[in-house]
Amino acid sequence: MTSNYSLEELIKKLELSNEFVSNNIDLNSNFNFKANKSFISKIKKGDLKDPLLLQILPLKKEKKKVANYVKDPLNEVKNSTKNNLLYKYYGRALIIISPTCKIHCRYCFRRNFPYENYIINKKNWENIFSFLSSNEEIEEVIFSGGDPLTLTNKKLKSLTKDLETIKHLKRLRIHSRIPIILPERIDTNLINSITSTKFKTIMVVHTNHPNEIDEKVYNSNKYFKDSNITLLNQSVLLKNINDNVETLKKLSEILFESGILPYYLHLLDKVEGSSHFEVSEKNAKKLMRKLLEVLPGFLVPKLVKEIHSKRSKVPIDLNY
Ligand SMILES: *Cc1c(COP(=O)(O)O)cnc(C)c1O
Ligand code: SF4
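The notes below deal with the structure included here. (Residues numbered from 1 in each chain as written. Chains lettered and ligands numbered in written order. Predicted model: local features only at pLDDT ≥ 70, side-chain atom pairs only at ≥ 80, totals over all residues. Heavy atoms only, no water.)

## A word on the packing of aromatic side chains
Counted under the stated rule, the structure contains 6 aromatic pairs. Measuring from centroid to centroid gives 5.9 Å for Tyr 87 and Phe 131, while their planes differ by 75 degrees, and the two rings are edge-to-face. Placement of the pair is Tyr 87 in strand β3 (residues 85–89) and Phe 131 in helix α6 (residues 122–134), with a sequence separation of 44 residues. Exposure remark for Tyr 87: the relative accessible area of 19% places this residue in the buried category. The class for Phe 131 is buried, based on a relative accessible area of 17%. Cluster of aromatic residues (ring-pair linked, three or more members): Phe 113, Tyr 115 and Tyr 118. (Phe/Tyr/Trp six-rings, centres within 6.5 Å; stacked < 30°, edge-to-face > 60°. Helix = DSSP H or I, 4+ residues; strand = E, 2+ residues; numbered from the N terminus. Buried < 20%, exposed > 50% of the residue type's maximum accessible area, 1.4 Å probe, protein only.)

Below, the structure is given as structure tokens:
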């Protein structure tokens, strides 16, 4: 059920031509190819411009050095000295809770993150716990990664049960792409393991294109809704994938239909290897102004970027 394709299997299954492969694909990328069958089943055979394919295909052009594109655009390695904890924004502490993902998105700002040094163990969990306990202004814990839902239900339950004992914590937020790419993972056991606490739970999923949401995703979201988990979505604005009004409009609409509200639309973080996904800030603003004209306000995500020294995501002024 959860199995992955190798890059060779993907090439064969989608009937990508030998010529295309030898000219464009990087068969030995440091950030290796990874995608599961569920996600790949939504890709159209032979379509080199498929918006889901473009998100996962390792390309030779990722190797090109581009000015301003760096290994760790958000300075996270430097900022995460407290073990796996990133405490940058007031009241919300983010924990790199899992080192793995079920998919490798080529534009991921953590594509170079040295996860092997950030695996949760008893020792660093104790440190995280004592940091959270002694900072009373922290009301929300964010599980991030990697993908938190790669952890077992048992592990998720024991971590959340631990956190529940901290008096001032109120909310548990989970940032995960799994509800979209592996909806089979969502079931009653998982829901029980993340909701059997005092916390108000928020699930922030990550979807960039309407084709990612199929009937299975739609159906699995019922589990979240039935247990009053708030569902939000973040997207990255990606060239040739979702950088047009029709796609973004359709994405918001289909998210809403399946019970998810648009939250953030991120400008690309300038991580090495991702420059071919960049949409200029000027074009992003233009898109947003048009989007505001064709959608109800509550279906328009906030356009933001990250500036590593800032204390929140930075909203982009649309210059009205
Ligand atoms: C994005 C982010 C958060 C959450 O920010 P919100 O604006 O509340 O969604 C928290 N901590 C870090 C380090 C982040 O990058
Ligand atoms: S699922 Fe999220 S963390 Fe994992 S590679 Fe994709 S964008 Fe990065």
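Back to the write-up after that little detour.
## Here's the deal with the pattern of salt bridges
Counted under the stated rule, the structure contains 20 salt bridges. A salt bridge links Glu 212 to Arg 177; the shortest N-O distance between them is 2.8 Å. Placement of the pair is Glu 212 in the loop between β7 (200–206) and α10 (215–226) and Arg 177 in the loop between β6 (171–175) and α8 (178–181), with a sequence separation of 35 residues. Here the two residues Glu 212 and Arg 177 agree in accessibility, since each one is buried. Notably, a salt bridge pairs Lys 305 with Glu 281, separated by 3.0 Å at the nearest N-O pair. (Salt bridge = Lys/Arg side-chain N within 4 Å of Asp/Glu carboxyl O.)

## What to know about the nonpolar core
Soluble, globular proteins show a tendency: their nonpolar side chains are buried together. Among the nonpolar cores identified, the biggest contains 69 residues, and Ile 95, Leu 132 and Phe 143 are the most heavily contacted of them. Setting aside anything within four residues of it in sequence, one finds Ile 95 in contact with Asn 84, Leu 85, Ile 120, Trp 125, Ile 128, Leu 132, Val 141, Ile 142, Phe 143 and Ser 144. Among the nonpolar cores identified, the runner-up in size contains 16 residues, and Leu 237, Val 245, Leu 295 and Leu 303 belong to it. (Core = buried A, V, L, I, M, F, W, Y, C linked by side-chain atoms within 4.5 Å. Contact = heavy atoms within 4.5 Å.)

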